Amino acid sequence: NSTFNVSKSGINNDFNAFYKEKENSFIKAVIDENNKGFLGSRIRFRLLEDIFVGNKKISKGSILYGQISGFSMQRVDLKIVSVFTKGEIFPVNLSIYDVDGMKGLYVPQSVFRDMIREMGSNSVQGTQMDMGGQGFFTSIGSKLFTSTSKSIANLIKANKAKLKYNSYVFLIDEKQLKNSKDQQKK
C-alpha cells in the first residue's frame, strides 16, 4: 500500500506529435546475467525503456534488482520490491511476467518433475518381484516412503532454477494491473 507507482515514460502529447492510440503499461526488461537462483537469490534486470518511479525518471539501460520469491511446477516467481536511483530508495511492487503472459518465469527443467521421477525409480529399484505374498507390497510401501523422504529432503536442498541471460520479461505493477482489471469489469 505504501509503494510508489511505476509507469512507462510518458507519451508525447504535444501539438502535431505522433503517438500511439493506446499502449500497454507493461515495462520491458531482460535478465542481465546467467544465474542459478535459489529462494531469495538476487537477480539483475536491465530496463529496455525509460520508466518513472513516482516522479523520478529511470533511463533505459538502467539496472534493477529483484529476488526469487517462490517456485511452482515449472515457474519461478520473481519480485522487485525497491528501486535505488540517484541516492534514493523507492519501495515498489513489481512482479515479473514472462512473455507467455503468465506470472513468473517459465523454467522447463522442473525440480518438482525430477522429484516425482526419482521417487518412482527409487521405489522400484531393488524390490524382488515375488508377488506371492504381502512382503512385496510391504517392501514397495517401505521403499516408496524412503524415496519420498529422500526426494523431499533433496528438493528442499536443491530448489533452484537456471535463469538465462537476455531472457525477455515484463515488469508489472500489481496495483495498476488490479485497477485495469477492475475498470474492464465496469
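Preceding block: the structure.
Residues numbered from 1 in each chain as written. Predicted model: local features only at pLDDT ≥ 70, side-chain atom pairs only at ≥ 80, totals over all residues. Heavy atoms only, no water.

## Some points on the overall build of the protein chain
Alright, step 1. Helix and strand counts for the protein chain stand at three helices and 12 strands.
Alright, step 2. Of all 186 residues assigned to the protein chain, the portion counted as buried reaches 31%.
Alright, step 3. In the protein chain, the proportion of contacts linking residues at least 24 apart, taken out of those at least 6 apart, comes to 60%.
Alright, step 4. Carbon and sulfur atoms provide 55% of the accessible area of the protein chain, an area that totals close to 12200 Å². (Helix = DSSP H or I, 4+ residues; strand = E, 2+ residues; numbered from the N terminus. Buried < 20%, exposed > 50% of the residue type's maximum accessible area, 1.4 Å probe, protein only. Contact = heavy atoms within 4.5 Å. Areas by Shrake-Rupley, 256 points an atom, 1.4 Å probe, with all protein chains shown as cover.)

## Considerations on the sheet that holds strand β5 (residues 51-53)
Alright, step 1. Judged by pairing direction, the sheet is antiparallel, and its three strands sit side by side in the order β1-β5-β6 without closing on themselves. Taken across any chain shown, the strands that pair with only one partner, and hence form the sheet edges, are β1 (6-8) and β6 (56-58). Recorded for the sheet is a direction-independent mean angle of 30° between the axes of neighbouring strands. (Pairing = 2+ DSSP bridges. Axes fitted to C-alpha atoms, helices over the stretch in contact; angles between N-to-C directions.)

## A few points about unusual backbone geometry
Alright, step 1. Positioned with a positive phi, K86 is a non-glycine residue whose angle comes to about 50°.
Alright, step 2. Within the secondary structure layout, K86 lies in the loop between β8 (75-85) and β9 (88-98).
Alright, step 3. You will see that N166, though not glycine, has its phi angle at about 70°, which is positive.
Alright, step 4. Tracing the sequence through the fold places N166 in the loop between β11 (160-163) and β12 (168-173).
Alright, step 5. With a relative accessible area of 38%, N166 lands in the partly exposed category.

## Focus on the side chain of N35
Alright, step 1. Considering the arrangement of structural elements, one finds N35 in strand β3 (residues 35-38).
Alright, step 2. Within polar-contact distance, the side chain of N35 engages the backbone oxygen of R42 at 3.2 Å.
Alright, step 3. Setting aside its immediate chain neighbours within four residues, N35 contacts R42, I43, A161, K162 and L163. (Polar contact = N/O pair within 3.5 Å; in protein donor to acceptor, adjacent residues only side chain to side chain.)

## Points about the pattern of salt bridges
Alright, step 1. A complete count under the given rule lists six salt bridges for this structure.
Alright, step 2. Residues R75 and D98 are paired through a salt bridge, measuring 4.0 Å at the closest nitrogen-oxygen approach. One end of the pair, R75, is in strand β8; the other, D98, is in strand β9, and 23 residues separate them in sequence. Accessibility assignment for this pair places R75 and D98 in one class, buried.
Alright, step 3. For the salt bridge of R75 with D100, the shortest nitrogen-to-oxygen distance reads 3.1 Å. One end of the pair, R75, is in strand β8; the other, D100, is in the loop between β9 and β10 (105-106), and 25 residues separate them in sequence.
Alright, step 4. In this structure R75 comes out as buried when scored by relative accessible area, which is 11%. (Salt bridge = Lys/Arg side-chain N within 4 Å of Asp/Glu carboxyl O.)

## A look at the packing of aromatic side chains
Alright, step 1. Within this structure, the stated rule accounts for two aromatic pairs.
Alright, step 2. On the basis of an interplanar angle of 90° and a centroid distance of 5.0 Å, the ring pair of F4 and F90 is categorised as edge-to-face. Pair noted here: F4 is in the segment before β1 and F90 is in strand β9, with a separation of 86 residues, a long-range link.
Alright, step 3. Plain terms: the ring middles of F26 and F170 are 5.8 Å apart, the flat faces sit at 55° to each other, and that makes the pair tilted. Highlighted residues: F26 in the loop between β1 and β2 (27-31) and F170 in strand β12, separated in sequence by 144 residues.
Alright, step 4. The exposure class of F26 is partly exposed, given its relative accessible area of 28%. (Phe/Tyr/Trp six-rings, centres within 6.5 Å; stacked < 30°, edge-to-face > 60°.)

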